[in-house]
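Listed below are the residues making up each chain.
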Amino acid sequence: MDSTKTGPNRRQILAGISATALGAALMSGATLAFAQSTGTLRVACNGSASDSLDPHRTQGQVTDIVRFSNLFDGLCEYAPDGTVQNVLAESFTPNADATEWTVRLVPGVTTHAGRPYEAEDLIASVRRILDPEHPTRGASLIAFVDAEGLEAVDAQTVLFRLKRAYGPFRDVWANRYLRMVPRDFDPSAPDGTGPFKVVSFTPGRESVFDRFDGYFREPALVERVVISNIADATAAINALRSGQIDMTYLVPISEAAIIEADPSMQLVNNPSMLSIPIYMRTDVAPFDDPRVREAIRLIANREQMVEIALSGYGVVGNDMQGRNVTPCGDTPVPQRTQDIERARALLAEAGQSDLDVEIATTAGTPGMVECAQILAEQARAAGISIRANVMDEATYLANYGNWSFGVDFLSDTYLPVVARSLVPGGTFNNTHWNDAEFNALFERATASSDEAERCEIIHQMRTIEHERGGNIVWGFANTLHAVGANVQGVVPYVVNSAFNNLRVVSKS
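What you see is a predicted model; the values in this text were computed from it and never measured.

What follows deals with the sheet that holds strand β2 (residues 40-45). The strand order across the open sheet formed by seven strands is β9-β10-β11-β2-β12-β21-β13, and the pairing between neighbours is mixed. Across the chains shown, the open sheet's two edge strands, defined by having one partner strand only, are β9 (196-202) and β13 (265-270). Sheet topology places strand β12 (residues 247-248) next to strand β21 (residues 479-484); two bridges connect them, and they run antiparallel. Residue pairing for β21: Met 247 is matched across the bridge by Val 483. Helix α2 (residues 62-71) contacts β2, β9, β10 (206-211) and β11 (224-229) of the sheet and is inclined by roughly 150 degrees relative to β9.

See the structure below:
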């Protein structure tokens, strides 16, 4: 049963407001005075000094995602209900066995610099994403593309030759890490096709974007967006309450009910795909022993984690990615529940009855810190020690992929999550899991153009993931945002967030 909380008002949201240099003052909690203007939207997100305007070579923090989602377009995007819709692409046409796809671009698209966006730009973008000399977050998603086989059929058409058949080809291009850039892209002076263009950017502090009036779809409703880095969620809520900002990405779950009751604010409650997996590296001790991984999974009380770490704003997970694997439905696997005695027995068999480990975490999204602390407390009943190492985001990201035990967050539909985090080469495969049977099934699933066949394979994959994967997928979190009462145009998203589509946000 879905225990998603929806709050008394799922009001749509709008934003538009005034610009100024918010960054340092807001991070310090200072009180600022603003001349209100319907022309500027002021947004707060958590990020770090490693912030970037490069949509491909990014560490994936929230500020980066919000920035590049509004500066650059993809071939496709996710609608609020999770369906895929075309953006830069006008059409996708496969050959008989889905080993070649012809992509036709929307005609008349121009970049912020006034240049037409054409086939050679698309080819350059895809090759940049796949460049092995400069690894990117999106490379694993399109590893099936033959970069050298890309061909400009004409100025608006590209032929994709693939290394293997790929049935859900169109859908993958909705992913946030597959934004398109011009052929001579320079991240120090970024040019894109998105609804906003860069005015200024100070990493770790503030970004200022102006509306791109030449945008090929409906132009943005606000004239300017100011994105400020505010690492402290409580400070961001206070800034929103006092009118210093109009929208904040990061909402402390403990504040959700208070925001719902406050007439000056609106809570945006997204029933998202967001999982907060506790990962165990399967290639190093002690987690290379499947008995230890199973024991840790059996220590976890998932209901308690969802109730405390997420304040009930989410649903219990079952150590499988995918909150809503549409259209495949639920995988028929029994729900794993806490079993301390069995966990003790497995640890004893593995010679780890006195296990003492550290779990790495950071406040990247609500629940990341709390779930680590709750698991550490639950582990005491099994006679082992788990110590939560809570660090700042920059420190955590500096060793990303190398922690042997830690917490991450992922938000995407099932097959893209697999490509990014559950197979070799995935840029988010923190478990370093490499299961031959699972990998082969993934190849079959993505090669199939038959939806029923693909769903059957996905159920097999999820069963294997449940039985012997490296993650504790204890729950799926609703993504909570907060906006001012006079903000309109923000609706709940299943995948991604309204912050990725500020073009449709305004303020009354």
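Now that the structure has been shown, we can carry on.
On to the nonpolar core. Counting 57 residues, the largest nonpolar core has Leu 75, Ile 142, Phe 160 and Trp 173 as the members making the most contacts within it. The residues touching Leu 75, leaving out its near neighbours within four places in the chain, are Asn 86, Val 87, Leu 88, Ala 89, Phe 92, Val 103, Leu 105, Leu 122, Trp 173 and Met 180. Core analysis: the second largest hydrophobic core is formed by 55 residues, Ala 239, Ile 245, Met 265 and Ala 376 among them.

Bringing the sheet that holds strand β6 (residues 100-105) into the picture now. Strands pair in a sheet through their backbones, by hydrogen bonds, and they do so in one of two ways: parallel or antiparallel. Across the sheet, four strands lie side by side as β5-β6-β8-β7; this open sheet has antiparallel pairing. In this open sheet, the two edge strands, each paired with only one partner strand, are β5 (89-94) and β7 (151-154). Strand-to-strand twist in this sheet, taken as the mean axis angle between neighbours without regard to direction, amounts to 25 degrees. Running over the sheet, helix α3 (residues 119-129) touches β6, β7 and β8 (157-161) and is turned about 30 degrees from β8.

Another aspect to go through is the pattern of salt bridges. All chains considered together, the criterion is met by 30 salt bridges. In this structure, Arg 104 and Glu 90 form a salt bridge, with 3.9 Å as the shortest nitrogen-oxygen distance. Residue Arg 104 is found in strand β6, and its partner Glu 90 is found in strand β5; the two are separated by 14 residues along the sequence. Judged by relative accessible area, Arg 104 falls into the partly exposed class, the value being 29%. For Glu 90, a relative accessible area of 43% gives the class partly exposed. A salt bridge links Glu 100 to Arg 161, with the nearest nitrogen and oxygen atoms 3.9 Å apart. Pair noted here: Glu 100 is in strand β6 and Arg 161 is in strand β8, with a separation of 61 residues, a long-range link. Here the residues in one salt-bridge network are Glu 294, Arg 297, Arg 302, Asp 319 and Arg 336, joined through shared partners.

Parameters at a glance
- Residues numbered from 1 in each chain as written.
- Predicted model: local features only at pLDDT ≥ 70, side-chain atom pairs only at ≥ 80, totals over all residues.
- Heavy atoms only, no water.
- Pairing = 2+ DSSP bridges.
- Helix = DSSP H or I, 4+ residues; strand = E, 2+ residues; numbered from the N terminus.
- Contact = heavy atoms within 4.5 Å.
- Axes fitted to C-alpha atoms, helices over the stretch in contact; angles between N-to-C directions.
- Core = buried A, V, L, I, M, F, W, Y, C linked by side-chain atoms within 4.5 Å.
- Buried < 20%, exposed > 50% of the residue type's maximum accessible area, 1.4 Å probe, protein only.
- Salt bridge = Lys/Arg side-chain N within 4 Å of Asp/Glu carboxyl O.

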